[in-house]
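# Structural overview for review
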Amino acid sequence: LPETVVSRCQRFNFKKIPFEILKKHLEKIAKEEKVKLSKDVIERIINKSDNCARDTVGLLDMLLSTGEKNITTDIAGVILPISNTNEIVNFLQLLARQDASRALQTINRLSEEGVDLLQFAQDLLAGLRFLLVSSAGGGRPGVGLYLSPDAEKELVKLAREIETAP
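Residues numbered from 1 in each chain as written. Predicted model: local features only at pLDDT ≥ 70, side-chain atom pairs only at ≥ 80, totals over all residues. Heavy atoms only, no water.

## Here we look at the overall build of the protein
To keep things clear, this is the line we draw: In this text, helices come from DSSP runs of H or I with a minimum length of four residues, and strands from runs of E with a minimum of two, each type numbered from the N-terminal end. Here's how the labels work: a residue is buried when its accessible area is under 20% of the maximum for its type, exposed when over 50%, partly exposed in between, all with a 1.4 Å probe on protein chains only. Contacts are assigned to residue pairs that have any heavy atoms within 4.5 Å of one another. Calculation of accessible area relied on Shrake-Rupley with a 1.4 Å probe; when residues are assessed, cover is drawn exclusively from the protein chains displayed.
Regarding its fold elements, the protein presents nine helices and two strands. For the protein, the succession of helices and strands along the chain, N to C, is α-α-β-α-α-β-α-α-α-α-α. Of all 166 residues assigned to the protein, the portion counted as buried reaches 33%. Sequence-distant contacts, at least 24 apart, represent 62% of the contacts inside the protein between residues at least 6 apart. Only carbon and sulfur atoms are counted for the fraction: they give 54% of the accessible area of the protein, which is about 10,600 Å².

Below, the structure is given as structure tokens:
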């Protein structure tokens, strides 16, 4: 671009917002709107928004548009298909332990429960990327699967176990 154009432009570098900050923000909005959100719903919104405040609020608006005052995971599942991060972590642990039998049982159970397996596969890939980057010493990976602090601790622990495995 010509220097005359570049000199008239502003550049904004946006960063992803940490889980806890987004969680507090969602809880504040829900309180103001007199709506109850479960912990799983908050995690689902943050996970689907990819740590972006604008997208987080937009997804919450979509849920609020249902008119429900108690938004459960079932209600959120209709609008925000996403895998349960605990299921992702548990499945990755089964893979790391090479427990194919229980891994297949998990897939069968999820299928019977009506879980979107394509979404599960996408979230699983994000979890695998998290493990790879963590085990390579890359710090906290910026991936499409944003985790609660508990789930993140479990995956970091699993990454260490994989590192030390023979």
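From this point, things continue past the structure.
## Notes on the nonpolar core
It is characteristic of soluble globular proteins that their nonpolar side chains tend to be buried jointly. We apply this condition: Grouping buried Ala, Val, Leu, Ile, Met, Phe, Trp, Tyr and Cys residues that are joined through side-chain atoms within 4.5 Å yields what is termed a nonpolar core.
Residues Leu37, Val41, Ile45 and Leu63 are the most contacted members of the largest nonpolar core, which totals 17 residues. Residue assignment for this core shows that the elements contributing at least two residues are α2 (19-32), α3 (39-49) and α4 (53-64). Considering each element in turn, this core owes the most residues, five residues, to α2. Not counting the four nearest positions on each side in its chain, Ile45 is found in contact with Leu26, Thr56, Leu59, Leu60, Leu63 and Leu80. Counting 15 residues, the second largest nonpolar core, distinct from the first, contains Leu110, Leu131, Ala151 and Ala159.

## A short note on α3
With eight of its eleven residues buried, α3 lies for the most part within the structure. When we look at burial in α3, the residues that qualify are Val41, Ile42, Glu43, Arg44, Ile45, Ile46, Asn47 and Ser49. Elements that come into contact with the buried residues of α3 comprise α2, β1 (36-37), α4, β2 (70-71), α5 (73-79) and α6 (85-96).

## Observations regarding the packing of α3 against α4
Where we set the bar: Orientation is described by lines fitted to C-alpha atoms, with helices fitted over the stretch in contact, and by angles between N-to-C directions that extend from 0 to 180 degrees. Angles are sorted into four bins: roughly parallel if under 35 degrees, roughly antiparallel if over 145, roughly perpendicular if 65 to 115, and oblique for all others. Two helices crossing with the near one rotated counterclockwise from the far one by less than a right angle form a left-handed crossing, whereas a clockwise rotation gives a right-handed crossing. Each residue is assigned to one class: nonpolar for Ala, Val, Leu, Ile, Met, Phe, Trp, Tyr, Cys and Pro, charged for Asp, Glu, Lys and Arg, and polar for all the others, Gly among them.
The N-to-C vectors of α3 and α4 enclose an angle of 130°; their axes lie 8 Å apart at closest approach. The angle between α3 and α4 places the two elements in the oblique class. Handedness of the crossing formed by α3 with α4: right-handed. Touching Val41, Ile45, Lys48 and Ser49 of α3 are Asp55, Thr56, Leu59, Leu60 and Leu63, all from α4. Its residues assigned to classes, the contact of α3 with α4 comprises five nonpolar, two polar and two charged.

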